[in-house]
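Coordinates in review
What follows is each chain in one-letter form.
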4 protein chains.
Amino acid sequence: MYFASDNAGPALPEVMAALADCNRDYAPAYGADALMDEVRAELRRLFEAPEAAVYLVATGTAANALALASLARPFDTIFCTPVAHIHQDECNAPEFFTGGAKLTLVPGGDKMTPERLRAAIAAEETRGVHGPQRGPVSLTQVTECGTVYSLEELAALSAVARDFGLPVHMDGARFANALVALDCSPAEMTWKSGIDALSFGGTKNGCLGVEAVIFFDPARAREFELRRKRGAHLFSKHRYLSAQMAAYLRDGLWLDAARRANAAGARLAEGLRAADAGLAYPVQANMVFAALPRATHHRLIQAGAQYHLWEGALEGSDPDERLTARLVCDWSARAAETDRFLALLG
Amino acid sequence: MYFASDNAGPALPEVMAALADCNRDYAPAYGADALMDEVRAELRRLFEAPEAAVYLVATGTAANALALASLARPFDTIFCTPVAHIHQDECNAPEFFTGGAKLTLVPGGDKMTPERLRAAIAAEETRGVHGPQRGPVSLTQVTECGTVYSLEELAALSAVARDFGLPVHMDGARFANALVALDCSPAEMTWKSGIDALSFGGTKNGCLGVEAVIFFDPARAREFELRRKRGAHLFSKHRYLSAQMAAYLRDGLWLDAARRANAAGARLAEGLRAADAGLAYPVQANMVFAALPRATHHRLIQAGAQYHLWEGALEGSDPDERLTARLVCDWSARAAETDRFLALLG
Amino acid sequence: MYFASDNAGPALPEVMAALADCNRDYAPAYGADALMDEVRAELRRLFEAPEAAVYLVATGTAANALALASLARPFDTIFCTPVAHIHQDECNAPEFFTGGAKLTLVPGGDKMTPERLRAAIAAEETRGVHGPQRGPVSLTQVTECGTVYSLEELAALSAVARDFGLPVHMDGARFANALVALDCSPAEMTWKSGIDALSFGGTKNGCLGVEAVIFFDPARAREFELRRKRGAHLFSKHRYLSAQMAAYLRDGLWLDAARRANAAGARLAEGLRAADAGLAYPVQANMVFAALPRATHHRLIQAGAQYHLWEGALEGSDPDERLTARLVCDWSARAAETDRFLALLG
Amino acid sequence: MYFASDNAGPALPEVMAALADCNRDYAPAYGADALMDEVRAELRRLFEAPEAAVYLVATGTAANALALASLARPFDTIFCTPVAHIHQDECNAPEFFTGGAKLTLVPGGDKMTPERLRAAIAAEETRGVHGPQRGPVSLTQVTECGTVYSLEELAALSAVARDFGLPVHMDGARFANALVALDCSPAEMTWKSGIDALSFGGTKNGCLGVEAVIFFDPARAREFELRRKRGAHLFSKHRYLSAQMAAYLRDGLWLDAARRANAAGARLAEGLRAADAGLAYPVQANMVFAALPRATHHRLIQAGAQYHLWEGALEGSDPDERLTARLVCDWSARAAETDRFLALLG
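The rules we used
Residues numbered from 1 in each chain as written. Chains lettered and ligands numbered in written order. Predicted model: local features only at pLDDT ≥ 70, side-chain atom pairs only at ≥ 80, totals over all residues. Heavy atoms only, no water. Helix = DSSP H or I, 4+ residues; strand = E, 2+ residues; numbered from the N terminus. Rg over C-alpha atoms; globule rule 2.2 N^0.38 Å. Buried < 20%, exposed > 50% of the residue type's maximum accessible area, 1.4 Å probe, protein only. Contact = heavy atoms within 4.5 Å. Areas by Shrake-Rupley, 256 points an atom, 1.4 Å probe, with all protein chains shown as cover. Lys, Arg positive; Asp, Glu negative; His and termini not counted. Charge placed at Lys NZ, Arg CZ, Asp CG, Glu CD. Core = buried A, V, L, I, M, F, W, Y, C linked by side-chain atoms within 4.5 Å. Buried area = accessible area lost by both parts, 1.4 Å probe. Salt bridge = Lys/Arg side-chain N within 4 Å of Asp/Glu carboxyl O. Polar contact = N/O pair within 3.5 Å; in protein donor to acceptor, adjacent residues only side chain to side chain. Nonpolar A, V, L, I, M, F, W, Y, C, P; charged D, E, K, R; others polar. Pairing = 2+ DSSP bridges. Right-handed = clockwise from strand over helix to strand, strands pointing away. Least-squares fit on C-alpha atoms with pLDDT ≥ 70 in both. Axes fitted to C-alpha atoms, helices over the stretch in contact; angles between N-to-C directions. UniProt positions renumbered as here; feature names shortened; annotations may be inferred. Phe/Tyr/Trp six-rings, centres within 6.5 Å; stacked < 30°, edge-to-face > 60°. Lys NZ or Arg CZ within 6 Å of the ring centre and 35° of its normal. Parallel < 35°, antiparallel > 145°, perpendicular 65-115°, else oblique.

1. As for the overall build of chain A
- A count of helices and strands for chain A gives 14 helices and eleven strands.
- Since a compact globule built from 346 residues should have a radius of gyration of about 20 Å, the 20 Å found for chain A is in line with a globular shape.
- Sorting the 346 residues of chain A into buried and exposed places 64% on the buried side.
- Pairs at least 24 residues apart make up 76% of the contacts formed inside chain A by residues separated by at least 6 positions.
- As presented, chain A carries roughly 11400 Å² of accessible surface, and 50% of it is formed by carbon and sulfur atoms.
- Computed over 34 positive and 42 negative side-chain charges, the inter-centroid distance for chain A is 3 Å.

2. Section: the nonpolar core
- Counting 135 residues, the largest nonpolar core has C:Phe200 and D:Phe200 as the members making the most contacts within it.
- Aside from chain neighbours lying at most four places away, what touches C:Phe200 is C:Leu43, C:Phe47, C:Gly172, C:Phe175, C:Glu211, C:Ala212, C:Ile214, C:Met245, C:Tyr248, C:Leu249 and C:Trp254.

3. Some thoughts on the interface of chain B and chain A
- Counting residues at the interface gives 48 residues for chain B, matched by 48 residues for chain A.
- Both sides of the chain B and chain A interface together cover about 4100 Å² of buried area, and 60% of this is carbon and sulfur.
- Of all residues in chain B, the largest losses of buried area upon contact with chain A belong to B:Tyr26, B:Phe96 and B:Lys237, amounting jointly to 21% of the total for that side.
- Our enumeration of links across chain B and chain A arrives at two salt bridges.
- Linking chain B with chain A are 27 residue pairs in polar contact (both at pLDDT 80 or more), by the criterion used here.
- At the level of secondary structure, the elements contributing two or more residues to the side of chain B that touches chain A comprise helix 1 (13-22), helix 3 (60-71), helix 5 (93-98), helix 10 (224-230) and helix 11 (239-249) of chain B.
- The residue inventory of the side of chain B that touches chain A, partitioned by class, reads 25 nonpolar, twelve polar and eleven charged.

4. Examining the interface of chain D and chain C
- Contacts between the two partners involve 48 residues from chain D, matched on the other side by 48 residues from chain C.
- Area buried by chain D at its contact with chain C is led by D:Tyr26, D:Phe96 and D:Lys237, which between them contribute 21% of it.
- At the boundary of chain D with chain C, the tally comes to 27 residue pairs in polar contact (both at pLDDT 80 or more).
- Sorting the residues of the side of chain D that touches chain C by element identifies helix 1 (13-22), helix 3 (60-71), helix 5 (93-98), helix 10 (224-230) and helix 11 (239-249) of chain D as the ones contributing at least two each.
- A class-by-class count of the residues in the side of chain D that touches chain C yields 25 nonpolar, twelve polar and eleven charged.

5. Things to note about the pairing of strand 5 (residues 168-172) of chain A
Residues and elements named next belong to chain A.
- Of all five residues making up strand 5, five are buried, and the element is well covered by its neighbours.
- Sheet analysis places strand 4 (residues 133-140) next to strand 5, joined by four bridges and oriented parallel. Following the sheet pairing, Val137 is matched in strand 5 by Val168.
- The parallel pair strand 4 and strand 5, bridged by helix 7 (residues 151-163), forms a crossover whose chirality is right-handed.

6. Looking at the relation of the copies chain D and chain C
- The two copies are related by a screw operation: chain D maps onto chain C through 180° of rotation and 0.0 Å of translation along the axis, at an RMSD of 0.0 Å. As the rotation angle and translation indicate, the two copies are arranged about a two-fold axis. Every residue of chain D has its C-alpha some distance from the rotation axis, and the shortest such distance is that of D:Gly231, at 3.6 Å.
- Of the residues that chain D buries at the interface, 100% are likewise interface residues in chain C, meaning the two copies contact each other through the same surface.

7. Topic: the pairing of strand 9 (residues 287-293) of chain B
All names here are of chain B.
- Judged by how many residues are buried, strand 9 sits mostly within the fold: seven of seven residues are covered.
- Side-chain alternation along strand 9 places Met287, Phe289, Ala291 and Pro293 on one buried face and Val288, Ala290 and Leu292 on a second face that is also buried.
- With two bridges joining them, strand 8 (residues 278-279) and strand 9 adopt antiparallel strand pairing. Each residue of the ladder has a partner; that of Leu279, found in strand 9, is Ala290.
- With seven bridges connecting them, strand 9 and strand 11 (residues 322-328) associate as antiparallel partners. By the bridge assignment for strand 11, Val288 is matched with Leu327.

8. Describing the sheet that holds strand 3 (residues 102-105) of chain D
Residue and element names in this part refer to chain D.
- Taken in spatial order, the seven strands of this open sheet run 1-7-6-5-4-2-3, and their pairing is mixed. Looking at the sheet topology across the chains shown, the edges are occupied by strand 1 (53-57) and strand 3. Strand-to-strand twist across the sheet, computed as the mean angle between neighbouring axes with direction ignored, equals 25°.
- Sheet topology places strand 2 (residues 76-80) next to strand 4 (residues 133-140); three bridges connect them, and they run parallel.

9. Focus: the side chain of C:Gln133
- Structurally, C:Gln133 can be placed in strand 4 (residues 133-140).
- By relative accessible area, which is 18% here, C:Gln133 ends up buried.
- Beyond its immediate sequence surroundings of up to four residues, C:Gln133 is in contact with B:Leu226, C:Arg73, C:Phe75, C:Asp76, C:Thr77 and C:Gly128.

10. Details of the UniProt feature "domain: Aromatic amino acid beta-eliminating lyase/threonine aldolase" (unreviewed entry) in chain A
- Here the UniProt-annotated "domain: Aromatic amino acid beta-eliminating lyase/threonine aldolase" (unreviewed entry) positions come out as residues 3-290 of chain A.
- End C-alpha to end C-alpha, residues 3-290 of chain A measures 12 Å, and it is 42% helix and 15% strand.

11. As for the packing of aromatic side chains
- Tallied over the full model, the rule gives 66 aromatic pairs over all chains.
- Residues C:Phe47 and C:Phe216 carry aromatic rings whose centres are separated by 5.8 Å and whose planes lie at 50° to one another, so their mutual orientation is tilted. Taken together, the residues span a long stretch of sequence, with C:Phe47 in the loop between helix 2 (34-46) and strand 1 (53-57) and C:Phe216 in the loop between strand 7 (211-215) and helix 10 (224-230) at a distance of 169 residues.
- Linked through ring pairs, A:Phe47, A:Phe175, A:Phe200, A:Phe216, A:Tyr248 and A:Trp254 together constitute an aromatic cluster.
- Against the face of B:Phe96 rests A:Arg230, its NZ or CZ located 3.9 Å from the ring centre.

12. Some points on the environment of D:Phe235
- Tracing the sequence through the fold places D:Phe235 in the loop between helix 10 and helix 11.
- For D:Phe235 and D:Leu56, which are 179 residues apart along the polypeptide, the C-alpha to C-alpha distance reads 8.9 Å.
- When sequence neighbours within four positions are dropped, the list of residues in contact with D:Phe235 reads C:Ala58, C:Thr59, C:Phe235, D:Tyr30, D:Gly31, D:Ala58 and D:Leu241.

13. Some details on the packing of helix 8 (residues 175-182) of chain A against helix 12 (residues 253-274) of chain A
All names here are of chain A.
- Running from amino to carboxyl end, helix 8 crosses helix 12 at an angle of 80°, the nearest separation of the two axes being 8 Å. As far as their axial angle goes, helix 12 and helix 8 are roughly perpendicular. In this structure, helix 8 uses Phe175, Ala176, Asn177, Leu179, Val180 and Ala181 to contact helix 12, whose residues at the interface are Trp254, Leu255, Ala258, Arg259, Ala261 and Asn262.
- When the residues that make up the contact of helix 8 with helix 12 are grouped by side-chain class, the tally is nine nonpolar, two polar and one charged.

Below, the structure written as structure tokens:
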């Protein structure tokens, strides 16, 4: 009954096999390996973007922070939501990698709205050199609350950014989960919707540790390679990153894994709904936010369930008070475990 | 005939097996995995340092830059040799992670001498707040030129640092190769010789990508965890770093691998000496610097040999001019390949 | 009719005379001048803080950013209001000087409340190394909206900070205006109220360009001198900073100047109230925020009045729409000009 | 007998008068004052550069660090001499303002030679993304050793930079002293000699604290204004910077002051030569480096002479050992004092 995160599950067998398979002889270091050529070609094909610049790093925070550092100047501010991973969960990595840019929180919940984004950007225009300058917009897809921006929503948000001449970054740590949820093409969910740079997650969806950074306009990538090296994120034995990503993309494995995770999320959500748990957000991918009584939490945890509280504190005297749990399903989630969890809801 | 670097060879079979072996079920993320407990305990045991703080990162540059950032303040200068990896090959990563510290190059070649180190440190004292402040000393063991500091040399250098109250960092990207060369204990080559913080390499000696950072005085590590996260070097699926390091340390595998690499280096050096190639540095580990005529280089490269030139340029008209090759052997080097290379020397 | 800012008025004659007076012979550079000894002694006496560390810089942003950089680590977050000068008007200087710390905006208007500050600090505790770490609290006195924290308010806010072990910084760009408003002692408004570090403004209140930074706990100042030099804020001909500050403090000149500015603010506020202008904030020092009809704004500006709009845009069709003006009076404000302005309100 | 530095003397009476003169009424803040328009126009006229971007800051370190930050990227290295002020005397300010760029020391003494500069730049080309990237060249004119690059030398050095596509910065803290020494035009000593950006000193030559930064290609200045604000170097009461610079440039005052300082230097050098003191560098401006016996130093200091030792230590037993003094004359140096000093040489 493990729902703490999709970053704690095992890697896909095909990914492990690819690692073993590439482990022969010498291979050029630092991204000059043949597998990287395969990865680059495949991502360009999948995204219908033959000119895209493609790089691999090992962590999602590195992908985000390095991508943003290539888009933002140190005196800029980056627009994101108050729950954005780049704001809440990266220990100031975006500030560090950009050399001191600021993050402006567009008010609201899981998603930005075009109106609020426009207002936030407009508000930064009145102070000349005194205030931070307008910088990139960063959207998370799947959002940190498990919801998925529709193509229309993405297009409307990037249109606002374009009105101000600002680039748009997508934190796609759960890109595959969003893609299968929308049932659209990678191009549609990115550059056709106005996205300029993408953190394309692999780790949470069955890799050991690999993320791609994709710049649809390769001019934007000019500095990325130097920033990656300077950030100590260029792997010498790069083939082991390439092999993961190559296997992940092969034969639609990445989509299959995401479908499994989303299906597990749906099963969990259905059971919770049936048990009258309040769902805080629409369940559109592999994350469920459920408001459960304190007493239920105690029962679940005692039985071995693992997950994080999103709101509220376990300590407290009222057994009926509702505390919101964040429940995440990865590709390896087993239906039996989900059902065992649901059975405990009582 | 691959001698370009020890960062381009395959991983040790035992390391690959450990990866496969740990790939089951969920494991706590971000370094809370049980394998990390094993790694920490084993490194403390090996280094006879029960209080040491131990962390894993994936690249050698990350290990160096994060360790130095925990030792140096942004207005300090770090003392190293002109050939130090941190100076030449990390694209300003130490400057980045320290927030703008300087590197002071202690004149000389592969190794610092206590006299020159003392003079360099002393020279930084005369300018009050105007000049950079004295910061840590960073030594590379095995040096970038393939030589190994003796325990006496290490002790003499760290004594100079101690005279000025400065901490000492060791870049041990090839720590194992140095250790088997000196045939001493890890403790002797580090804290017993005055080393405060160590980058303990795994990648070049048979891992896919893992390095330990060890602080012998845990107080020095206070900020390291936050710096690692902020630098995007904290792995979510951390077990895959732990598994590599655990296997690497098990049953002396790391020492065996280093002995193989050093033996390959010795075989290569012997053959080069016999062929009258000038060796630029004593061959004490797995790296050989050989001055070969331009014509010989052309013959070797045409036959498929791979290595980097350390000095000189292949282009040139004089076939007899000597150009220095850097030849590196990893654990997987095969004697037959070495002999094929040597046979081409003519 | 100049109300745009108190940073655009002339310097006090006594300050100018002191500059001329000190302009003889050679004087030790970089803060070793005798006038600095006088300044240090006088500020320690005024603040009843014989151990305080005292430094001079030339701009308010330098005072704030350098003081905060001495209190915050790069992975920390600084707590301030959404209207804080350090957030809105320093072009990311705090982020720059701290090496990438974040600013957390405590919700609300001109002032923090202890409840909201406590909630904001508490909210940063749940993410371990993933989120930013709790850093200093920064209060502005006089606030950016012209209001003044009472001693009770200051004590309550710093008590919250102390509960979490966090230092408190006061941006006192208008320190003198607040002090005469509260009619208390400098010590009462600072360290006796729990303030650890102070930006003590001189520029806005009649100097050419000088601010003091005062650390009541000198241990906190350890790094300040190096940070000041590294930030290029250590003046060689430092006597010209010292002379300004010495004259400013002599014979209560600083308090007289502030009283004049506050009196001008009060006269302006009274007239605006009489004219039925809505005052957005209580007028407690030298700043007035008045909601005037668009038509009135047009009339005032045409007649030569100078000030900034705080909310709303001059462009617009509705002549009756209320737009909030920010009106600031400095020590040199003339009653006749104020009355001329008020007469235009109609 | 004050020869410690030209940053410790008084300001020129005309500069003081201009300060007093501008101290009336309100003036637009942050560089929008009318005096700044005058300064900009006059510097463009003097430099025959009608498009040049012109800014004022208060310290030489700010001028240098901000100019270099506009020319260098964080992963670049800046080429300078080992005695460069930016390397030795700015406490890592260039590293800080550039976000972590490195300084590469071109071997030699007071001046770079084209051959050594070319070799140093060429040596940074062999490591791809691993080494720092080639960045700007920074020359000091007058050099830190009191010598002056000829126009031919400047042109030859900037030609090397141009061969590699690198911009050239001139640290002109003593620009006027060099200009009158060469008896050429400002344009000849800068953009006609290939200089792209200039720190144009005022402080050492009779101002209180003001330096201009001039970009001959205004495109290079794009980021400067934001960097200046972010670095806390944009003055609110900017008129007091403008007034200094305007007076300094008026009627050739700056050149007269430099001629006085250089003449004082020449008088001092002549006397030292007559007394058989070894002069370490040709005396071409207002600085003299003289090797005097320890006993003479003791006699001079006892008699009240003030200066810094450049090499050697006063402590020591041999009264005949020669220690090199650095002696600097400013515009206010008096012949009688110089003669008193010389009379003590014995």
